[in-house]
Amino acid sequence: MAALAYNLGKREINHYFSVRSAKAMIHVNTFSRVADFLERNEAKNCLVDKHIAFIGDSRIRQLFYSFVKIINPQFKEEGNKHENIPFEDKIASVKVDFLWHPEVNGSMKQCIKVWTEDSVAKPHVIVAGAATWSIKIHNGSNEALSQYKMNITSIAPLLEKLAKTSDVYWVLQDPVYEDLLSENRKMITNEKIDAYNEAAVSILNSSTRNSKSNVKMFSVSKLIAQETIMESLDGLHLPESSRETSAMILMNVYCNKILKPVDGSCCQPRPPLTLIQKLAACFFTLSIIGYLIFYIIHRNAHRKNKPCTDLESGEEKKNIINPPVSPLEILLQSFCKLGLIMAYFYMCDRANLFMKENKFYTHSTFFIPIIYILVLGVFYNENTKETKVLNREQTDEWKGWMQLVILIYHISGASTFLPVYMHIRVLVAAYLFQTGYGHFSYFWIKGDFGIHRVCQVLFRLNFLVVVLCIVMDRPYQFYYFVPLVTVWFMVIYVTLALWPQIIQKKANGNCFWHFGLLLKLAFLLLCICFLAYSQVVFHGMLFAFIYLALQKRQILSEGKGEPLFSNKVSNFLLFISVVSFLTYSIWASSCKNKAECNELHPSVSVVQILAFILIRNIPGYARSVYSSFFAWFGRISLELFICQYHIWLAADTRGILVLIPGNPMLNIIVSTFIFVCVAHEISQITNDLAQIIIPKDNSSLLKRLACIAAFFCGLLILSSIQDKSRH
């Protein structure tokens with residue numbers, strides 16, 4: 001249901017439905033048939049113990065038949081068409097009725113009025129609509145339209161009363177294909193239908209004086225008909241494929257707010273703000289107000305201290321040195337900017353303000369952007385500050401181009417193409433490899449196991465995710481990569497910090513300590529294998545240990561322009577690396593399914609990572625340059641990965657955000673520019689806040705940690721209260 005809902009619509013559907021979603025929906029009949037079984041099961045689950053009533057003319061009867069066929073495809077369209085038609089699925093306890101009332105008149109009013117009585121069981125969903133019979137019987141006269149307005153005015157309060165406890169939809173009339181109409185229907189023109197629709201919308205929307213009408217206008221069928229009515233057999237009734245789409249949307253309109261699918265936003269009402277979200281909004285609002293007050297006071301003080309000219313000497317007095325920016329100002333400024341950014345996040349992916357569109361994978365949508373960024377990356381290159389293996393510029397570059405490839409992979413929907421999917425999995429493994437390599441190298445060389453270092457890393461990794469969990473009402477595990485690297489960082493830290501603490505300085509004096517560290521790593525490997533976790537992080541740690549040991553013994557040639565090994569060894573390793581790359585690509589292309597590929601992935605991915613490192617570092621000229629373009633993105637790769645969930649993609653990564661409808665290229669350019677700027681700004685904010693919130697002084701840091709612990713305890717209490725209120 002959720003997948004179908006999302007793939008059918010490009011815009012959030014509340015009371016009205018967009019033209020673009022309707023036009024897109026008519027082309028997904030193949031998908032709807034593929035998803036038929038899932039649709040049927042979820043429809044039954046949604047409609048258990050429910051009663052749905054369709055009341056109206058032959059067009060409403062069409063919608064009724066298509067709706068019922070979602071529940072039971074074997075249901076046949078037979079019997080007297082001009083009478084009531086019941087349907088009941090006793091197993092699922094679902095009841096759907098069609099009530100024949102082709103005109104909005106006293107008969108329809110009486111039927112609806114019965115439901116408003118307290119003693120009568122009301123349908124959970126009411127779908128009503130009629131007009132063409134009134135046009136036909138009265139030969140399209142103006143008097144008939146006036147009578148229609150009077151009748152619908154008398155019915156409107158009844159529908160509004162029902163809408164307080166039931167879902168009530170008024171179906172706007174579809175256009176007709178006038179060339180195909182029979183002689184006795186020629187008076188039914190699109191001009192007349194528009195007049196009747198305008199009357200219905202005007203009256204039903206104004207039926208309540210002080211609030212918005214609860215009766216929903218179901219116009220999607222009308223919008224679909226604008227594209228497909230020429231395929232009609234009689235010019236009046238929609239072709240079967242189009243009415244099936246209308247019925248599916250109607251089903252999703254009702255069921256999505258009950259099932260609450262996580263992978264679709266079509267047809268769902270905007271979720272109400274939680275208590276935590278309201279408190280977060282208040283906090284950010286106060287931060288913005290506080291910063292503005294601080295800024296105004298500071299500006300006025302600066303004006304008073306502005307240098308002036310000495311009238312007697314004609315010389316300007318000595319400038320007063322501006323005082324350094326206070327931590328309070330940095331704190332307020334950071335939270336002010338973060339509050340505005342979070343408001344943008346919420347508007348993009350929670351407030352139903354912007355459209356969302358589907359991902360449709362083609363080879364060109366993935367490979368053309370890849371080639372484009374590759375050209376840019378090669379064009380913008382600079383010399384590295386040092387020529388060591390995996391120096392800082394090189395690792396930033398590595399993270400940068402991998403992140404860009406992953407972003408293109410996500411927005412193009414390339415996960416459906418198995419060879420690309422398998423290569424992207426290697427990139428994700430490479431991130432974990434870098435986690436093991438980077439943190440091991442730091443602890444091994446620096447020997448800094450202090451709490452300040454741990455808190456700095458944890459804050460840098462988790463700050464944005466914690467804020468998004470609060471603002472976007474998402475669980476921590478939703479941003480899966482951050483919990484993953486956080487856990488592995490703690491594993492690395494605990495492994496190296498536990499007795500005996502073995503670091504490079506200690507090991508240099510006695511080779512025995514190298515064996516001690518290898519025993520530690522071997523024990524970690526056993527734990528990883530026992531718990532069936534990925535070994536890539538371990539491989540990163542082991543590579544760092546071997547590389548640093550070789551570097552210390554000056555076995556490697558890391559001078560500028562020098563190959564890493566002797567010419568013969570370098571050429572041999574380069575050949576093996578290239579062959580392994582090609583072998584992996586051939587294997588990935590030959591995989592039959594993801595399960596088969598994923599089973600072997602942990603064992604073979606490390607070979608590709610090592611092959612890349614050797615190709616990138618063995619030639620001296622390759623080691624001495626780096627792409628500044630990729631490195632820039634690498635320095636904000638974490639923010640890019642997290643921010644894409646809500647302000648570049650949409651519906652929590654399952655669609656694409658549409659800021660500029662109707663122009664996909666311009667939309668991608670604008671949304672990407674904003675997305676990258678926001679990610680860069682959040683990176684700056686995180687770094688600024690880390691300096692303030694995580695002080696170097698241990699006593700101050702412990703106090704801050706106590707406050708942070710109290711904050712999370714309060715957050716957990718509020719979260720549990722929210723969960724209880726929801727259930």
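The name given to the chain in an unreviewed UniProt entry is N-acetylneuraminate (7)9-O-acetyltransferase, with the source organism recorded as Camelus dromedarius. Turning to the chain, the UniProt record has this under Subcellular location (unreviewed entry): "Golgi apparatus membrane". Taken directly from UniProt, the Sequence similarities (unreviewed entry) text for the chain runs: "Belongs to the PC-esterase family. CASD1 subfamily."

### A closer look at the pairing of strand S4 (residues 125-129)
Along a regular strand, successive side chains alternate from one face of the sheet to the other. Burial runs high along S4: five of the five residues are buried. The side-chain alternation of S4 yields two buried faces, one formed by Val-125, Val-127 and Gly-129 and the other by Ile-126 and Ala-128. Pairing between strand S1 (residues 50-56) and S4: five bridges, direction parallel. When the sheet's bridge partners are listed, Phe-54 is paired in S4 with Val-127. Alignment of S4 against strand S5 (residues 167-171), held across four bridges, turns out to be parallel. Residue pairing in the sheet places Val-127 in a bridge with Tyr-169 of S5.

### Focus on the side chain of Thr-274
With respect to the helices, strands and loops of the structure, Thr-274 is situated in the loop between helix H11 (240-259) and helix H12 (275-304). Its relative accessible area of 9% is what places Thr-274 among the buried residues. When sequence neighbours within four positions are dropped, the list of residues in contact with Thr-274 reads Asp-473, Gln-722 and Arg-726.

### Structural notes on helix H14 (residues 363-379)
Along its 17 residues, H14 runs 24 Å from first to last C-alpha, staying within 8% of the 24 Å computed at 1.5 Å per residue. Taken together, the buried residues of H14 touch helix H15 (392-412), helix H16 (418-446), strand S9 (625-627) and helix H25 (628-634).

### Here's the deal with the pattern of salt bridges
All told, the structure shown has 12 salt bridges when counted by the stated rule. The residue Arg-185 makes a salt bridge to Asp-234 at a minimum N-O spacing of 3.4 Å. Of this pair, Arg-185 sits in the loop between S5 and helix H9 (190-205) while Asp-234 sits in the loop between helix H10 (220-228) and H11, and the two are 49 residues apart along the sequence. Using a relative accessible area of 22% as the deciding quantity, one classes Asp-234 as partly exposed. For Arg-460, the salt bridge is made with Glu-639, and the minimal N-O distance between the two is 2.6 Å. Taken together, the residues span a long stretch of sequence, with Arg-460 in helix H17 (residues 451-471) and Glu-639 in helix H26 (residues 637-647) at a distance of 179 residues. Shared partners join several salt bridges into a network, and the residues in it are Arg-392, Asp-396, Lys-399 and Arg-635.

### Comments concerning the sheet that holds S5
A sheet is described by the order of its strands in space; here six strands give the open sequence S2-S3-S1-S4-S5-S6, paired in mixed fashion. A strand with exactly one partner marks an edge of an open sheet, and here the two such strands are strand S2 (85-89) and strand S6 (216-218). Each strand axis lies, on average, 15° off the axis of its neighbour in the sheet, ignoring direction.

### Quick notes on the nonpolar core
Core analysis: the biggest nonpolar cluster contains 118 residues, and Met-342, Phe-345, Trp-398 and Ile-609 have the highest contact counts within it. Counting residues per element, this core draws most heavily on H16, at 16 residues. When sequence neighbours within four positions are dropped, the list of residues in contact with Trp-398 reads Leu-390, Ala-430, Phe-433, Gln-434, Ile-609, Phe-612 and Ile-613. Counting 38 residues, the second largest nonpolar core, distinct from the first, contains Ile-55, Val-104, Ile-152 and Met-187.

The rules behind these values
- Residues numbered from 1 in each chain as written.
- Predicted model: local features only at pLDDT ≥ 70, side-chain atom pairs only at ≥ 80, totals over all residues.
- Heavy atoms only, no water.
- UniProt positions renumbered as here; feature names shortened; annotations may be inferred.
- Buried < 20%, exposed > 50% of the residue type's maximum accessible area, 1.4 Å probe, protein only.
- Helix = DSSP H or I, 4+ residues; strand = E, 2+ residues; numbered from the N terminus.
- Pairing = 2+ DSSP bridges.
- Contact = heavy atoms within 4.5 Å.
- Expected span 1.5 Å × (residues − 1).
- Salt bridge = Lys/Arg side-chain N within 4 Å of Asp/Glu carboxyl O.
- Axes fitted to C-alpha atoms, helices over the stretch in contact; angles between N-to-C directions.
- Core = buried A, V, L, I, M, F, W, Y, C linked by side-chain atoms within 4.5 Å.

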